[in-house]
Amino acid sequence: MRPWLSTARGALPFVVLVAAWAAVSGAGVMPAMFLPGPGDVARTGWEMAKDGSLWVNIGASLGRVLLGVVISVPMAVAAGIVVGLNRRLASVLEPVASFFNALSGIAWLPLAITWFGLGWASVTFILWNTIFFLVFFNTLVGVRTVPRIFEQAVRTLGGARRHVILQVLLPGAMPSIVTGLRMSIGFGWRALIAAEMIATTTGLGFLIFNAQNFHQTDAILAGIITIGILWLLTDRLVLQPLERWTIERWGLVSSS
Amino acid sequence: MSRRETAVTWVVLLAAFLAAWSLASATLPVPPYFLPPPTAVAAAFVDLVAKGILPVYVMESLGRILLAAAVALVIAVPLGLLLGMSRGVADFMYPILNFFQSVSGIAWLPLMLVWFGFGEKTILIAVNYTVIFPVLFNALLGVRSVPRIYVNALRTLGGSRWRIVRDVMIPGALPNIATGMRLGLAYGWRALIAAEMLVGANGLGFMIFSAQSFHLTARIMLGMAVIGALWLLLDYFVLRPVEAATIARWGLVQR
């Protein structure tokens, strides 16, 4: 298939969706205040882009996720490997990690506000909770599933402990770590939107929640669409390729 | 490590953790509401159970997530299977469902608030939305991922269309459906807590959020423990066994 044709086919469902939306809002089933048409939403989105407020909010949300990843992931991988080295410690801490996984995200918000007040510190704390425990758990599981024979092989050939860590455990756990990273950013992004509604005055979550106070449904829909597109782009262009590449590069294929 | 050793390790660790927590809350130079001791959390538990608030809130939150699970099973699974049957329809729906799946229910909450106001309806719609789309998406994906060769094999042997649906497509999609349910409910439980915080008048999310305004930190910690424990119980005793059994029974292993 020619490239333009496949692009057209990929866009077709969304063209139909937008047409259906225009038809429903145009038919006047609901007042325009409740369901503005695609044209109104596009115009509002364009205005927000022109006056810069859309970019400020996008930048704030993406920046927070990035900060959360930069702080949490190295800590989580390091902790996961250290704990994974010790079988006894690992079997004790695994349930602890899954408890915090179950709790991750928005449930921390009231405590975060009590400790850090409203603002970026609370949001970062929530993202840390969401990302750290998922990546930690996946690193731990990844390290523990590396067959011991590889470790013993390196040891037999005279490798030191750091060789085992750097050349066996870390690469062996890579696919599991990256899967954890992808999941944690999915959960983190959702937690962020909810946290921004309550605890901040910038970001896409704040944008849509604030618009709700003024019944600006066009701004809400423009925000929702931006949130969806940003996540799809992050997942398609960064996370999925990273996951596929890691599995191809480091995935353990046992030839039995 | 034997069972007994594990149990002993656990008790020792738990005791150490509680001791360190008590010590920290007694000695750290912070206001008492910052870090109440474990005894305060236990007292909050006894108090809220005695007043009957905690059981009611737990039932409210559980009821909402179970309703969403039932709706997903009864509506989203059959619909996803149906949409997946035809390649054309599936190709058309895939990007749309993927888009709606990736916008969390919480992002729709502001719009729902304008439409339905601050109330039960808004919470239910946000949670159901969050659970339904991953289930729908994965059911469709499951049908499409059944290898053509099984369909062809049954066709060659003279199987009817209905036989193919019943014996190939539905069993083949089951592992994906189980995974979709688990993911959808994991997102849904979190969305429920967030929605109860923003909209609620009851439920665990409302409990911890309203406690924050009154600096009832022990109540927040209690609520968090209940939220985490409920999800772990649901995940370990219902969702994981179902997923594992489904994959063991119907999972297609490619050789």
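Residues numbered from 1 in each chain as written. Chains lettered and ligands numbered in written order. Predicted model: local features only at pLDDT ≥ 70, side-chain atom pairs only at ≥ 80, totals over all residues.

(A) Representation of the overall build of chain A. Secondary structure assignment for chain A yields ten helices and zero strands. When the helices and strands of chain A are placed in sequence order, the string is α-α-α-α-α-α-α-α-α-α. Taking 2.2 N^0.38 as the reference for a compact globule, 256 residues should give roughly 18 Å; the C-alpha atoms of chain A span a radius of gyration of 23 Å, well beyond that estimate. A separation threshold of at least 6 residues defines the contact pool for chain A, and within that pool the share at least 24 residues apart is 73%. (Helix = DSSP H or I, 4+ residues; strand = E, 2+ residues; numbered from the N terminus. Rg over C-alpha atoms; globule rule 2.2 N^0.38 Å. Contact = placed C-beta atoms within 7 Å.)

(B) Structural context of the interface of chain B and chain A. Taken together, the 39 residues of chain B in the interface contact 39 residues of chain A. At the level of elements, helix H1 (3-27), helix H4 (87-102), helix H5 (105-116), helix H8 (161-199), helix H9 (204-213) and helix H10 (217-250) of chain B are the ones that each hand at least two residues to the side of chain B that touches chain A. Counted by class, the side of chain B that touches chain A contains 30 nonpolar, seven polar and two charged residues. (Nonpolar A, V, L, I, M, F, W, Y, C, P; charged D, E, K, R; others polar.)

(C) Just the nonpolar core, in detail. The biggest cluster of nonpolar side chains holds 130 residues, and the ones touching the most others in it are Leu109(A), Ile126(A), Val135(A), Ala195(A), Ala126(B) and Ala195(B). Setting aside chain neighbours within four positions, we find Ala126(B) in contact with Gly105(B), Ile106(B), Trp108(B), Leu109(B), Met112(B), Ala191(B) and Ala195(B). (Core = buried A, V, L, I, M, F, W, Y, C linked by C-beta atoms within 7 Å. Buried ≥ 20, exposed ≤ 12 C-beta atoms within 10 Å, placed from the backbone.)

(D) Focus on the packing of helix H7 (residues 148-156) of chain B against H8(B). Residue and element names in this part refer to chain B. In contact at an axis separation of 10 Å, H7 and H8 are set at 140° when each is read in the N-to-C sense. Judged on the interaxial angle alone, H8 and H7 are oblique. Crossing hand, H7 versus H8: right-handed. Of the residues in H8, those in contact with Tyr-150, Val-151 and Leu-154 of H7 are Arg-163, Ile-164, Asp-167 and Val-168. Here the residues of the contact of H7 with H8 are counted per class, giving five nonpolar, no polar and two charged. (Axes fitted to C-alpha atoms, helices over the stretch in contact; angles between N-to-C directions. Parallel < 35°, antiparallel > 145°, perpendicular 65-115°, else oblique. Left-handed = near helix turned anticlockwise from the far one by under 90°.)

(E) Seen up close, the domain arrangement of chain B. All names here are of chain B. The domain architecture assigned to chain B consists of domain 1 (1-30) and domain 2 (35-250). One C-alpha centre belongs to domain 1, the other to domain 2; they are set 34 Å apart. Here the residues of the side of domain 1 that touches domain 2 are counted per class, giving six nonpolar, two polar and no charged. (Domains from an automatic or database assignment.)

(F) Focus on the confidence of the model for chain B. Averaged over all residues, the pLDDT of chain B equals 88, while 98% of them reach at least 70. For this predicted complex, the interface score ipTM comes out at 0.84, alongside a pTM of 0.87. (pLDDT = per-residue confidence, 0-100.)

(G) How the structure looks around unusual backbone geometry. Phi at His215(A) takes a positive value of approximately 55°, unusual for a residue other than glycine. Structurally, His215(A) is set in the loop between helix H9 (204-213) and helix H10 (217-250). What makes His215(A) partly exposed here is the crowd of 14 C-beta atoms within 10 Å. Despite not being glycine, His215(B) shows a phi value in the positive range, around 55°. Inspection of the secondary structure puts His215(B) in the loop between H9 and H10.

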